[in-house]
Amino acid sequence: LLGVKTDDDDFVKTISPFDLICLQESVEEVQLPGYKSWSNLRKTGRGGGVTTLIRSNIANSCKQVNVTIPSDCSLNVVVLKLPDHSTGFNVFIINAYVPPANSVRKGTINDPIANFEFLQDLLNSVKQSPQDEAVLCGDFNARIGNHNDFVEDQDDDKYIFKGDQGALEPLTIP
């Protein structure tokens, strides 16, 4: 459980230099000294859930953006608006967890296409002016269409999926 990780000195030492921390698969509220926390946790089952931590001195001007998740989506999302008072523009931080395509959440519909369409619409709608920026981060349980994300019977070579070509290609590592 992630809550236990915040008791792990090495974990805290690793994440504490950062002003913004986006966690996924958080199953309980996460509190860290010196940070303000926003979470959207799964109501039932294991896994999923997101928590966004922002250093307290920055979080004072931060506001959570209310998001309504459509009934055909089963993702977790936290959206925060960070205003830049010197320019008047905003940065929107979107922290999302999209369940695996074959995941079944009790009492919910898991439509992978609807989940990603929702995120695309959210990215397009959250910005209030052309100068605003949106940052999407999270665990998207990446999909690659109908193709495997690995090469069967190939142990020694490294491969990468090239989505625009719909195939796995050798990856040259210098």
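Summarised in this report is the structure supplied together with it. Given the structure is predicted, the values throughout are model-derived calculations rather than measurements.

Cut-off values and rules
- Sequence order as written defines residue numbering, which begins from 1 separately in each chain.
- Two thresholds apply to this predicted model, a pLDDT of at least 70 for residue-level local features and 80 or more for giving and counting side-chain atom pairs, whereas whole-chain, interface and lining totals are computed over all residues.
- Only hydrogens and water are set aside when side-chain values are computed; all heavy atoms of the structure are taken into account.
- Segments assigned H or I by DSSP are reported as helices when at least four residues long, segments assigned E as strands when at least two residues long, and all are numbered from the N terminus.
- Residue contacts are counted whenever heavy atoms from the two residues lie within 4.5 Å of one another.
- For the accessible areas, the method is Shrake-Rupley and the probe is 1.4 Å, while residue cover comes only from the protein chains on display.
- Relative accessibility under 20% of the residue-type maximum defines a buried residue, over 50% an exposed one, and the middle range a partly exposed one, all with a 1.4 Å probe and only protein chains included.
- Two strands qualify as a pair provided DSSP detects at least 2 bridges between them.
- Note on terminology: a nonpolar core comprises buried Ala, Val, Leu, Ile, Met, Phe, Trp, Tyr and Cys residues joined through side-chain atoms within 4.5 Å.
- Should a side-chain nitrogen of Lys or Arg be within 4 Å of a carboxyl oxygen of Asp or Glu, the pair is scored as a salt bridge.
- Counting of polar contacts relies on pairs of N or O atoms within 3.5 Å, with two restrictions inside protein: one atom must be capable of donating a hydrogen and the other of accepting it, and residues adjacent in sequence are counted only when both atoms are side-chain atoms.
- Axes here refer to lines fitted to C-alpha atoms; in helices the fit is confined to the stretch in contact. Angles between the N-to-C directions go from 0 to 180 degrees.

Notes on the overall build of the chain
Phase 1: Regarding its fold elements, the chain presents four helices and nine strands.
Phase 2: In sequence order, the secondary structure elements of the chain are arranged as α-α-β-β-β-α-β-β-β-α-β-β-β.
Phase 3: A separation of at least 24 residues holds for 51% of the contacts in the chain among residues at least 6 apart in sequence.
Phase 4: When the accessible surface of the chain is split by element, carbon and sulfur atoms take 49% of a total near 11000 Å².

Topic: the pairing of strand E1 (residues 20–24)
Phase 1: Residue alternation in E1 divides its side chains into a buried set, Ile 21 and Leu 23, and an unburied set, Leu 20, Cys 22 and Gln 24.
Phase 2: Strand direction decides the pairing type here: E1 and strand E3 (residues 50–55), joined by five bridges, are antiparallel. Paired with Cys 22 across the strands is Thr 52, a residue of E3.

Focus on the nonpolar core
Phase 1: In terms of nonpolar packing, the biggest core is built from 13 residues, with Leu 75, Val 77, Val 79, Ile 94, Phe 118, Leu 119 and Leu 122 touching the most fellow members.
Phase 2: Contributing elements (two or more residues each) for this core: strand E5 (76–84), strand E6 (89–97) and helix H4 (112–126).
Phase 3: When residues of this core are assigned to their parent elements, the largest contribution, five residues, is made by H4.
Phase 4: In contact with Val 77, not counting residues within four places along its chain, are Asn 40, Val 50, Val 67, Ile 69, Ile 94, Asn 95, Ala 96, Phe 118 and Leu 122.
Phase 5: Core analysis: the second largest hydrophobic core is formed by ten residues, Trp 38, Val 50, Ile 54 and Leu 80 among them.

Focus on the pattern of salt bridges
Between side chains of opposite charge, pairing is possible as soon as their charged atoms come close.
Phase 1: Tallying each qualifying case throughout the model produces one salt bridge.
Phase 2: Between Arg 55 and Asp 19 there is a salt bridge, with its nearest N and O atoms 2.7 Å apart. A residue pair is termed long-range when its members are at least 10 positions apart, and Arg 55 in strand E3 and Asp 19 in the loop between helix H2 (9–15) and E1 qualify at 36 residues.
Phase 3: For Asp 19, a relative accessible area of 40% puts it in the partly exposed group.

Topic: the side chain of Ser 37
Phase 1: Structurally, the position occupied by Ser 37 is in strand E2 (residues 35–40).
Phase 2: There is a polar contact of 2.8 Å between the side chain of Ser 37 and the backbone oxygen of Val 30.
Phase 3: Not counting residues up to four positions away in its chain, the partners in contact with Ser 37 are Val 30, Gln 31, Thr 51, Thr 52 and Leu 53.

Section: the sheet that holds strand E7 (residues 133–139)
Phase 1: Pairing in this open sheet of four strands is mixed, and the strands run E4-E5-E6-E7 from one edge to the other. Across the chains shown, the open sheet's two edge strands, defined by having one partner strand only, are strand E4 (63–65) and E7. Recorded for the sheet is a direction-independent mean angle of 25° between the axes of neighbouring strands.
Phase 2: As defined by bridge partners, E5 adjoins E6 across nine bridges and the pair is classed as antiparallel. Directly across from Lys 81, in E6, lies its bridge partner Phe 92.

Quick word on the pairing of E3
Phase 1: A large share of E3 lies buried, amounting to five of its six residues.
Phase 2: Across six bridges, E2 lies against E3 in antiparallel orientation. Residue Asn 40 lies in a different strand from E3, and its bridge partner there is Val 50.

Some remarks on the sheet that holds E2
Strand pairing within a sheet occurs via backbone hydrogen bonds; the two strands may be parallel or antiparallel.
Phase 1: Sheet architecture is open: three strands sit in the order E1-E3-E2, paired in antiparallel fashion. Looking along the sheet, the strands with just one partner apiece sit at the ends: E1 and E2. Averaged over all pairs of adjacent strands, the angle between their axes in this sheet comes to 15°, without regard to strand direction.

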